[in-house]
Amino acid sequence: MATERTFAMVKPDGVVRGLIGTIVSRIEAKGYRIVAMKRMRIPRELAERHYGEHQGKPFFEPLVAFITSGPVVAMVLEGENAIAGWRAMMGATNPADAAVGTIRGDFATTIDENVAHGSDAPATARREIEIFFGEDGPLD
Ligand code: CDP
Ligand code: MG
């Protein structure tokens, strides 16, 4: 275990549904530090880069269309085991499989609009933080 930084996002459905506060509140209650946070509209090129691993899959185009459809809240979280820990707080990708008590389990019903994003590994976290917050990462 080590102090890690991970990239987290409230997706457009979470913003539209007024879940920013609830999600930020859960992050703070857990004990992660929010070391960077911004509300933004994701440009298409950035969305395609962020989800590059899914290029060519049937859900890629709808996913990019959805993630660029409205503002998101992008964050960098810091804490012990934060990468796996934030994934655990979000729950399974498909809300139908996500446990009650997780963000996706509590607030989503369909896989295409599942409220939150989190990096899945240290290399992914570094890559996603750089995409959204630049080479130097958060200044905090
Ligand atoms: O977000 P996560 O890392 O849990 O899942 P992913 O496998 O990296 O997929 C990225 C996102 O694509 C998911 O969060 C879903 O919003 C979307 N997706 C989808 O719409 N349909 C699928 N069959 C798989 C993923
Ligand atoms: Mg993923």
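As shown above, the structure is provided for reference.
Note that the structure is a prediction, hence the values are computed from the model and not measured.

Rules of the game
Residues numbered from 1 in each chain as written. Chains lettered and ligands numbered in written order. Predicted model: local features only at pLDDT ≥ 70, side-chain atom pairs only at ≥ 80, totals over all residues. Heavy atoms only, no water. Helix = DSSP H or I, 4+ residues; strand = E, 2+ residues; numbered from the N terminus. Rg over C-alpha atoms; globule rule 2.2 N^0.38 Å. Buried < 20%, exposed > 50% of the residue type's maximum accessible area, 1.4 Å probe, protein only. Contact = heavy atoms within 4.5 Å. Areas by Shrake-Rupley, 256 points an atom, 1.4 Å probe, with all protein chains shown as cover. Lys, Arg positive; Asp, Glu negative; His and termini not counted. Charge placed at Lys NZ, Arg CZ, Asp CG, Glu CD. Core = buried A, V, L, I, M, F, W, Y, C linked by side-chain atoms within 4.5 Å.

Visitor: How do you make sense of the overall build of the protein chain when you look at a structure like this?
Guide: A tally of regular secondary structure across the protein chain gives 7 helices and 4 strands. Across the protein chain, helices and strands are ordered from the amino to the carboxyl terminus as β-α-α-β-α-α-β-α-α-β-α. Rg of the C-alpha trace for the protein chain: 14 Å, near the compact-globule value of 14 Å for 140 residues, within the 12% margin. Judged by the C-alpha coordinates and their principal axes, the protein chain covers about 35 × 35 × 25 Å. By residue count, 48% of the 140 residues in the protein chain fall in the buried class. Taking the contacts inside the protein chain whose residues are at least 6 apart along the sequence as the reference set, 75% of them involve residues at least 24 apart. Surface accessibility of the protein chain: about 7000 Å² in total, with carbon and sulfur atoms responsible for 52%. In the protein chain, which carries 16 positive and 19 negative side-chain charges, the distance between the mean positions of the two groups comes to 2 Å.

Visitor: Explanation requested: helix 5 (residues 82-90) in the structure shown.
Guide: Note that an α-helix has 3.6 residues per turn; residues three or four places apart therefore point the same way. Within helix 5, the full set of buried residues consists of Ala82, Ile83, Gly85, Trp86, Met89 and Met90. Among the structural elements, strand 1 (3-10), helix 2 (20-30), strand 3 (72-80), helix 6 (103-107), strand 4 (116-118) and helix 7 (122-133) are those in contact with the buried residues of helix 5. Within two residues after helix 5, Gly91 carries a phi angle of roughly 85°, on the positive side.

Visitor: Could you clarify how one ought to interpret the nonpolar core in this entry?
Guide: Generally speaking, nonpolar side chains in soluble globular proteins are found buried as a group. Judged by nonpolar contacts, the single largest core of 20 residues is most densely connected at Ile23, Ile27, Met75, Leu77, Trp86, Ile103 and Val115. Elements that contribute at least two residues to this core include exactly strand 1, helix 2, strand 3, helix 5 and helix 6. A per-element tally of this core places helix 5 first, with 4 residues. Once you skip the residues sitting within four places of it in the chain, Ile27 turns out to touch Tyr32, Ile34, Met75, Leu77, Trp86 and Met89.

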